[in-house]
Amino acid sequence: MTALHHDILVAGGGIAGLTAAAAFGAAGFSVLCVDPAPPVTEREAEGADLRTTAFLQPARALLERAGLWARLEAHAMPLQTMRIMDISGEMERDRTRREFDSADISDAPFGWNLPNWLLRREMAARLEEMPGVSFRPGVAAETLFTRRGEARVRLSDGDEARVRLVLAADGRNSPMRRQAGIAARTLRFGQKALAFAVTHPVPHENVSTEIHLKGGPFTLVPLPDHEGRPSSAVVWMEDGREALRLRDLPVEALEATMTARSGGLLGPLTLASQVTLWPIISQVADRFAGERVALVAEAAHVVPPIGAQGLNMSLADLAALLELAEARPEGLGDAEMLAAYDRKRALDVRMRVAGVSMLNGVSMLGGQPFAALRARGIGALHDIAPVRRGLMRLGLGAGNVPGA
């Protein structure tokens, strides 16, 4: 057994974990990042994460500090406009369609969209060039022992990491959270999300569109052109059984069904990737820190993929931790720092999880009364200017938006 001494162990090599390793490494802390599975960094490779991530405005500052934005900017698709539609009405005139333009509150786009597989490729490459960061894919954090002065984590290769702070970014079923004795409360919606990429004849014009019907939203998020055609990422939330049925359809039948579900907004949709399936839940940890352990990302909170809140909440976790660590580096991982972190994140996380969960519950409802209520709600949120601007600022992270 080899004892590995670092300031921080990041358990989890997903997007949040890789970002954390880069951010803390750039701030001068020595970091060891481990993940049981090597990152899949090619679009067509088996196991590739075909979802996309929309980095909202406040996230860019953290990515720049971590030295990541310089690698990502060339691949990022700006999200200038967010469109929300309800297509419950049988006739075109009965459908509700509203657009939220980032120019109402800022000179910058709402955010930038990137494929998850590409993010992992570029983030892993960034860690390789950082002398204070060690990334060990294929190695899991297995057991945790803490005391006042340090944490000891046994790794799956037999080594032991001895650190001042364990940053648990190891997912919704976080082994480090369980090892720290922290429970989590889970709400299951009975939904699954299909994630894939499509091409289409009508340009998306940097507009992200969320289309509501019973079962959950169907979201089209802009991607760079693929093989010379406009392209978008799709996240399609449905009842679990229906999602399984859709996944197993022949390609032509799936394309016809997805085109109908999109309301024909961008013309006929053509499948341009594998189709992956993800369960939809909401989950919040009872607390966000334990002795020498901080929970971030899905180890701390999970929300349905509505409004690009998930990873941006995770990056807010990292920004809060980094601020505390840099303010008092000698206290990295101590009880004072972690109590402050829990206080800083608890209210915002719980409010956002509750809000997104409520929106998802409403989006699932079928029947004309609920469809009419949903349509009126979309109209009201857009048509009252102060409400519209306030909602957009809240979605970006109130107080963090330039010009807010």
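Residues numbered from 1 in each chain as written. Predicted model: local features only at pLDDT ≥ 70, side-chain atom pairs only at ≥ 80, totals over all residues. Heavy atoms only, no water.

Engineer: Hey, could you go over the overall build of the chain for me, with residue numbers and the actual values?
Structural biologist: Per the secondary structure count, the chain includes eleven helices and 22 strands. Looking at the 404 residues of the chain, the share that counts as buried comes to 53%. Summarising the internal contacts of the chain: among those between residues at least 6 apart in sequence, 73% fall at separations of at least 24. By element, 53% of the accessible surface of the chain is carried by carbon and sulfur atoms, the whole surface being about 17100 Å². (Helix = DSSP H or I, 4+ residues; strand = E, 2+ residues; numbered from the N terminus. Buried < 20%, exposed > 50% of the residue type's maximum accessible area, 1.4 Å probe, protein only. Contact = heavy atoms within 4.5 Å. Areas by Shrake-Rupley, 256 points an atom, 1.4 Å probe, with all protein chains shown as cover.)

Engineer: Give me the lowdown on the sheet that holds strand 1 (residues 3-5), citing residues and values where you can.
Structural biologist: Strand order across the open sheet formed by four strands is 1-12-11-10, with mixed pairing between neighbours. Edge positions in the open sheet fall to strand 1 and strand 10 (141-146), since each of these has one partner strand only. Between one strand axis and the next, the sheet turns by 25° as a mean value, whatever way the strands run. (Pairing = 2+ DSSP bridges. Axes fitted to C-alpha atoms, helices over the stretch in contact; angles between N-to-C directions.)

Engineer: I'd like a rundown of the pattern of salt bridges, residues and numbers included.
Structural biologist: Opposite charge on two side chains permits pairing when their charged atoms draw close. Within this structure, the stated rule accounts for 23 salt bridges. Measuring nitrogen to oxygen at the nearest pair gives 2.9 Å for the salt bridge that ties Arg-121 to Glu-122. Residue Arg-121 is classed as partly exposed on the basis of its relative accessible area of 27%. Given the relative accessible area of 11%, Glu-122 is considered buried. The salt bridge partner of Asp-348 is Arg-345, with a shortest N-O separation of 3.2 Å. Residue Asp-348 and its partner Arg-345 are located together in helix 9 (residues 335-364), separated by three residues, close to a single helical turn. The class for Arg-345 is buried, based on a relative accessible area of 5%. (Salt bridge = Lys/Arg side-chain N within 4 Å of Asp/Glu carboxyl O.)

Engineer: Give me the packing of aromatic side chains: which residues, what numbers.
Structural biologist: This model, assessed by the stated rule, comprises three aromatic pairs. Ring geometry for Trp-69 against Trp-112: centres 5.3 Å apart, planes inclined by 65°, an arrangement best described as edge-to-face. Note that Trp-69 is positioned in helix 3 (residues 69-72) and Trp-112 in strand 8 (residues 111-115), a separation of 43 residues in sequence. The pair Trp-69 / Trp-112 is uniform in exposure class, with both members buried. Pairing Phe-218 with Trp-236 gives two aromatic rings, centres 5.2 Å apart and planes at 70°, and the pair type is edge-to-face. (Phe/Tyr/Trp six-rings, centres within 6.5 Å; stacked < 30°, edge-to-face > 60°.)

Engineer: So, the packing of helix 1 (residues 15-26) against helix 4 (residues 116-128): which residues are in play, and what are the values?
Structural biologist: For the pair helix 1 and helix 4, interaxial distance at closest approach is 10 Å and the crossing angle is 25°. Taken together, the axis directions place helix 1 and helix 4 in an arrangement best described as roughly parallel. As helix 1 runs across helix 4, the sense of the crossing is left-handed. Judged by residue contacts, Ile-15, Leu-18, Thr-19, Ala-21, Ala-22 and Ala-26 of helix 1 engage Asn-116, Leu-119, Arg-120, Met-123, Ala-124, Arg-126 and Leu-127 from helix 4. Partitioning the contact of helix 1 with helix 4 into residue classes produces nine nonpolar, two polar and two charged. (Parallel < 35°, antiparallel > 145°, perpendicular 65-115°, else oblique. Left-handed = near helix turned anticlockwise from the far one by under 90°. Nonpolar A, V, L, I, M, F, W, Y, C, P; charged D, E, K, R; others polar.)

Engineer: Please give an account of the packing of helix 1 against helix 8 (residues 310-327) that cites residues and values.
Structural biologist: Axis separation between helix 1 and helix 8 bottoms out at 10 Å; the angle between their running directions is 25°. By the angle between their axes, helix 1 is roughly parallel relative to helix 8. Judged by the twist between their axes, the crossing of helix 1 over helix 8 is right-handed. Note on element contacts: helix 8 touches helix 1 through Leu-311, Ser-314, Leu-315, Leu-318, Leu-321, Leu-322 and Ala-325, opposite Ile-15, Ala-16, Thr-19, Ala-20, Ala-23 and Phe-24. In terms of residue class, the contact of helix 1 with helix 8 is built from eleven nonpolar, two polar and no charged.

Engineer: Can you lay out the environment of Asp-239 for me, pointing to particular residues and giving the numbers?
Structural biologist: Among the structural elements, Asp-239 can be located in strand 17 (residues 229-239). For the pair Asp-239 and Phe-189, spaced 50 residues apart in sequence, the C-alpha separation works out to 8.3 Å. Beyond its immediate stretch of four places on either side in the chain, Asp-239 contacts Gly-190, Gln-191 and Gly-215. Among the polar contacts listed, one links the side chain of Asp-239 to the backbone nitrogen of Arg-241, at a separation of 3.1 Å. (Polar contact = N/O pair within 3.5 Å; in protein donor to acceptor, adjacent residues only side chain to side chain.)

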